[in-house]
Every structure is written in structure tokens, then in C-alpha cells.
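Observations on the model geometry
One-letter residues, chain by chain:
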Amino acid sequence: MPQILCKRVFASSLDEKQIGQYITFAGWIVDISHIGKIGFLKMRDMTGLAQGIATGSILDKIKEIPRQSSVTVCGI
């Protein structure tokens, strides 16, 4: 996988400006759920809540992450 520069963001600063851009979010897992081939990660940082979506091979890996785990997520 090529190195990708991701801008670090906080939950409180997420808005439409980040759509389609690579970003990095660091926080704690609040909940993980999945529906078919899509997984949803609800995460929190010191400023609020954010939700991420996972698909493909990473989906099996996120199912194993315990709640309240500290994570850093980089993606679009």
C-alpha cells in the first residue's frame, strides 16, 4: 500500500469539506456493528463522536476490536 498523507481531524471539525479527502481520526471505539458487507465504527475523541464505515477484508478484522480500544483510522 502506498504512503498516503492524511490530515488529522477531530470529531468536532468534521464537515462536508472532508468528503473525498484522506483524513486521520484517533479516538476510542464506542460501538461496532455490521450489516452484510458493511461495518460501522462509532468512535469518540475528546471533542465528540464520529462514525466510520469499513468494507472488504478489513471488516473481519474490526469485528475483533473490543469496545473502548484506542484506534487511529486513516481513510477517505
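Small disclaimer: the values here were computed from a predicted structure and weren't measured.

To continue, consider the packing of aromatic side chains. For the structure shown, the criterion picks out zero aromatic pairs. Sitting over the ring of Phe10, Arg8 keeps its end group 4.6 Å from the ring centre.

Consecutive side chains of a regular strand alternate in pointing toward one face of the sheet and then the other. As paired strands, strand β3 (residues 38-45) and strand β4 (residues 48-55) are joined by eight bridges and run antiparallel to one another. Its bridge partner being in β4, Arg44 is matched across the sheet by Leu49.

To continue, consider the nonpolar core. Residues Ala11, Phe25, Ile29, Ile32, Leu41, Met43, Ala50, Ala54, Leu59, Ile62 and Val71 constitute the largest nonpolar core, which totals 11 residues. Considering each element in turn, this core owes the most residues, three residues, to strand β2 (residues 23-35). Excluding anything up to four places from it in sequence, Ala11 contacts Phe25, Asp45, Thr47, Gly48, Leu49 and Ala50.

What follows is about the confidence of the model for the protein chain. Mean pLDDT over the protein chain stands at 89; residues scoring 70 or higher make up 95%. Per-residue pLDDT, averaged within each element of the protein chain, yields its smallest value for strand β1 (residues 7-8) (86) and its largest for β3 (94).

In this fold, His34 is placed in strand β2. In this structure the C-alpha to C-alpha distance between His34 and Ala54, which are 20 residues apart in sequence, comes to 9.0 Å. Those residues in contact with His34 that lie beyond four places of it in its chain are Gly39, Leu59 and Lys63.

Scoring rules and cut-offs
Residues numbered from 1 in each chain as written. Predicted model: local features only at pLDDT ≥ 70, side-chain atom pairs only at ≥ 80, totals over all residues. Heavy atoms only, no water. Phe/Tyr/Trp six-rings, centres within 6.5 Å; stacked < 30°, edge-to-face > 60°. Lys NZ or Arg CZ within 6 Å of the ring centre and 35° of its normal. Pairing = 2+ DSSP bridges. Helix = DSSP H or I, 4+ residues; strand = E, 2+ residues; numbered from the N terminus. Core = buried A, V, L, I, M, F, W, Y, C linked by side-chain atoms within 4.5 Å. Buried < 20%, exposed > 50% of the residue type's maximum accessible area, 1.4 Å probe, protein only. Contact = heavy atoms within 4.5 Å. pLDDT = per-residue confidence, 0-100.

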